[in-house]
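Notes for the structure review
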Amino acid sequence: VRSPDHIFYFTLRDALNFGVQEFFGLLVSCESLGCKIASQDFHAEQCELQKSQLSWRAFAFMGLGLLLFLSFACTCLYVRCPPLQRLVHFLEGDSTKASSRVEVSDTE
């Protein structure tokens, strides 16, 4: 397949390129509220979503929030509790870290 000779890129808004105003956009500027091609009698259709289609989202977000909270809580417990660190190292099978005392130094 041969590469194209020219590629044209158009944006949503009119553009000023190299000092030349281009009027290919659907909006005149960023401040414009209306599309240039919409007619006066145009009315967009309303699409109502059924509640049953989205009912799972509440449970999904609650589950995600619970998972994040538990991850945060477990991390805080692990960092702040040396006996828990020793237990984790023991369960991982690392006997050198499990038997040694975990000390936290405040020196920089």
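Please read all numbers here as calculations on a predicted model, not as lab measurements.

**Here we look at the overall build of the chain**
Regarding its fold elements, the chain presents 4 helices and 2 strands. Secondary structure elements of the chain, listed N to C terminal, follow the sequence β-β-α-α-α-α. Put simply, the chain has 108 residues, and 6% of those count as buried. In the chain, the share of contacts with a sequence separation of at least 24, taken over all contacts with a separation of at least 6, comes to 0%. When the accessible surface of the chain is totalled, it reaches about 10600 Å², and 63% of it is carbon and sulfur.

**Some points on the environment of Asp5**
Note on placement: Asp5 falls in the segment before strand E1 (15-17). Polar side-chain contacts of Asp5 include one of 3.1 Å to the side chain of Arg2.

**Describing the packing of helix H2 (residues 56-80) against helix H3 (residues 82-92)**
Packed helix pairs are specified by the crossing angle of their axes together with the interaxial distance, meaning the distance between the axes. Running from amino to carboxyl end, H2 crosses H3 at an angle of 100 degrees, the nearest separation of the two axes being 5 Å. By the angle class used here, H2 and H3 are roughly perpendicular. Residues Leu77, Tyr78, Val79 and Arg80 of H2 lie in contact with H3, whose contacting residues are Pro82, Leu84, Gln85, Val88 and His89. Counted by class, the contact of H2 with H3 contains 6 nonpolar, 2 polar and 1 charged residues.

**Notes on the pattern of salt bridges**
Side chains that differ in charge, positive against negative, can pair when their charged atoms come close. Evaluated as defined, the whole model comprises 1 salt bridge. In this structure, Arg2 and Asp5 form a salt bridge, with 3.1 Å as the shortest nitrogen-oxygen distance. Given the relative accessible area of 67%, Arg2 is considered exposed.

**Some details on the state of the cysteines**
A full pass over the atoms with the stated rule returns 0 disulfides. Counting only cysteine sulfurs, Cys76 is the nearest neighbor of Cys74, a cysteine outside any disulfide, at a range of 9.4 Å. The class for Cys76 is partly exposed, based on a relative accessible area of 32%.

**Details of the confidence of the model for the chain**
Across the chain, the average pLDDT comes to 76, with 69% of residues at 70 or higher. H2 holds the highest mean pLDDT among the elements of the chain, 92, whereas helix H4 (residues 95-99) holds the lowest, 55.

**Some thoughts on the environment of Ala15**
Mapped onto the elements, Ala15 comes out in strand E1. Under the relative-accessibility criterion, Ala15 is labelled buried at 19%. For Ala15 and Val28, which are 13 residues apart along the polypeptide, the C-alpha to C-alpha distance reads 8.6 Å. Excluding residues that lie within four positions of it along the chain, Ala15 makes contacts with Val20, Gln21 and Glu22.

The rules we used
- Every chain's residues receive numbers from 1 upward, in the order its sequence appears when written.
- Per-residue local features of the predicted model are confined to residues with pLDDT of at least 70, and side-chain atom pairs are confined, for both listing and counting, to 80 or more; whole-chain, interface and lining totals are unaffected and use all residues.
- No hydrogens and no water enter the side-chain calculation; it runs on all heavy atoms of the structure.
- Working definition: helices are DSSP H or I runs of at least four residues, strands are E runs of at least two. Numbering for both runs from the N terminus.
- Three exposure classes are used, based on accessible area relative to the maximum for each residue type with a 1.4 Å probe and protein chains only: buried under 20%, partly exposed in between, and exposed over 50%.
- The contact criterion used throughout is that any non-hydrogen atoms of two residues lie within 4.5 Å.
- Using the Shrake-Rupley algorithm and a 1.4 Å probe, accessible areas are obtained, with residue cover drawn only from the displayed protein chains.
- Polar contact is defined as a pair of N or O atoms within 3.5 Å, subject to the rule that within protein one atom must be able to donate a hydrogen and the other to accept it, and that residues adjacent in sequence are counted only when both atoms are side-chain atoms.
- A fitted line through C-alpha atoms serves as each axis, taken over the contacting stretch for helices, and the angle formed by two N-to-C directions is quoted from 0 to 180°.
- Any angle that falls under 35 degrees is termed roughly parallel, while one over 145 is termed roughly antiparallel, one within 65 to 115 roughly perpendicular, and all others oblique.
- Polarity classes work like this: nonpolar for Ala, Val, Leu, Ile, Met, Phe, Trp, Tyr, Cys and Pro, charged for Asp, Glu, Lys and Arg, and polar for all others, with Gly in that last group.
- In what follows, salt bridge is the name for a side-chain nitrogen of Lys or Arg lying within 4 Å of a carboxyl oxygen of Asp or Glu.
- Disulfide assignment relies on a single distance test, namely cysteine sulfur atoms paired within 2.5 Å.
- The predictor's confidence in any single residue is recorded as pLDDT, a number from 0 to 100.

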